[in-house]
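# Remarks on the overall topology
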Amino acid sequence: MENYILSFRAPLKALLQRQQIFEKLGKEYPQLGSISIDMDDKQYVINVHSPSRLENEIQNILLTYGYRIAFVKAVSYSTLDPKVKTA
């Protein structure tokens, strides 16, 4: 199963209102995994765990709420199917 970590650059406003951002994204896209905001090289980065490439949708929904973010990268990683048993 393929998943992604989507990274976005964000302004200070995003850090100050991170709880609202987390709630809005969770409401619009319940399939999203964990969301975090980190400081990377004096800029804030929002990392979103997603089961698919939703970078455009995430940017658009946050823009409607007044948050301007810029997509940086998507990193894919594989996970095991929960139905598959491992030894």
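Here we summarise the structure given alongside this text. For every chain, the first residue of the written sequence is number 1, and numbering continues from 1 onward in sequence order. The predicted origin of the model limits local features to residues at a pLDDT of at least 70 and limits the giving and counting of side-chain atom pairs to 80 or more, whereas totals for whole chains, interfaces and linings rest on all residues. With hydrogens and water excluded, all non-hydrogen atoms of the structure serve as input to the side-chain values.

In this section: the nonpolar core. In this description, a nonpolar core means a group of buried Ala, Val, Leu, Ile, Met, Phe, Trp, Tyr and Cys residues linked to one another through side-chain atoms lying within 4.5 Å. Between buried and exposed lies partly exposed: a residue is buried under 20% and exposed over 50% of the maximum accessible area for its type, with that area taken using a 1.4 Å probe on protein chains only. The biggest cluster of nonpolar side chains holds 20 residues, and the ones touching the most others in it are L25, L32, I46, I58 and L62. Helix numbers and strand numbers start at the N terminus; a helix is a DSSP run of H or I with at least 4 residues, a strand a run of E with at least 2. At the level of elements, β1 (2-10), α2 (18-28), β2 (35-40), β3 (43-50) and α3 (55-64) are the ones that each hand at least two residues to this core. When residues of this core are assigned to their parent elements, the largest contribution, four residues, is made by β1. Pairs of residues are marked as contacts when any of their non-hydrogen atoms sit within 4.5 Å. The contacts of L32, once residues within four sequence positions are left out, are L25, V48, H49, S50, L54 and I58.

We now examine the side chain of S7. Locating S7 in the fold gives a position in strand β1. Judged by relative accessible area, which is 5%, S7 ranks as buried.

Looking now at the pattern of salt bridges. Salt bridges are counted wherever a side-chain nitrogen of Lys or Arg sits within 4 Å of a carboxyl oxygen of Asp or Glu. In this structure the tally under the stated criterion is one salt bridge. Taking the shortest distance from any N to any O, the salt bridge between R53 and E55 comes out at 2.9 Å. By relative accessible area, which is 42% here, R53 ends up partly exposed.

To continue, consider the packing of aromatic side chains. Paired rings are identified among Phe, Tyr and Trp, the last through its six-membered ring, by centres lying within 6.5 Å, and are further divided according to the angle between planes into stacked (under 30 degrees), edge-to-face (over 60) and tilted (the rest). Applying the stated criterion to the full structure yields one aromatic pair. Arranged with centres 5.6 Å apart and planes meeting at 65°, the rings of F8 and F71 form a pair that is edge-to-face. Note that F8 is positioned in strand β1 and F71 in strand β4 (residues 70-78), a separation of 63 residues in sequence. Owing to a relative accessible area of 0%, F8 belongs among the buried residues under this scheme. Here, a charge over a ring is recorded when the distance from Lys NZ or Arg CZ to the ring centre is within 6 Å and its angle to the ring normal is within 35 degrees. The ring centre of Y65 lies 4.7 Å from the NZ or CZ of K24, which sits over that ring. Here R53 stacks its cationic end above the ring of Y4, 5.7 Å away from the centre of that ring.

This brings us to the side chain of N47. Mapped onto the fold, N47 is located in strand β3. Whenever a nitrogen or oxygen atom comes within 3.5 Å of another N or O atom, the pair is scored as a polar contact, on the condition that within protein one atom can donate a hydrogen and the other can accept it, and that pairs from neighbouring residues in sequence are kept only if both atoms are in side chains. Polar side-chain contacts of N47 include one of 2.8 Å to the side chain of S7. What N47 contacts, discounting residues up to four positions off in sequence, is I5, L6, S7, S34, I35, S36 and D38.

Our next topic: the packing of α2 against α3. Axis geometry follows a simple rule: fit a line to the C-alpha atoms, using only the stretch in contact for helices, then measure angles between N-to-C directions, giving values from 0 to 180 degrees. Here α2 crosses α3 at 125°, and the two axes come no closer than 11 Å. The angle between α2 and α3 places the two elements in the oblique class. Considering only the axes of α2 and α3, their crossing is right-handed. Across from I21, L25 and E28 in α2, the residues of α3 making contact are I58, I61 and L62. A class-by-class count of the residues in the contact of α2 with α3 yields five nonpolar, no polar and one charged. Throughout this description, any angle smaller than 35 degrees is read as roughly parallel, any larger than 145 degrees as roughly antiparallel, any in the 65 to 115 degree range as roughly perpendicular, and the remainder as oblique. Handedness of each helix crossing follows the sense of rotation of the near helix against the far helix: counterclockwise by less than a right angle gives left-handed, clockwise gives right-handed. Ten residues, namely Ala, Val, Leu, Ile, Met, Phe, Trp, Tyr, Cys and Pro, are considered nonpolar, four, namely Asp, Glu, Lys and Arg, are considered charged, and the remaining ones, Gly among them, are considered polar.

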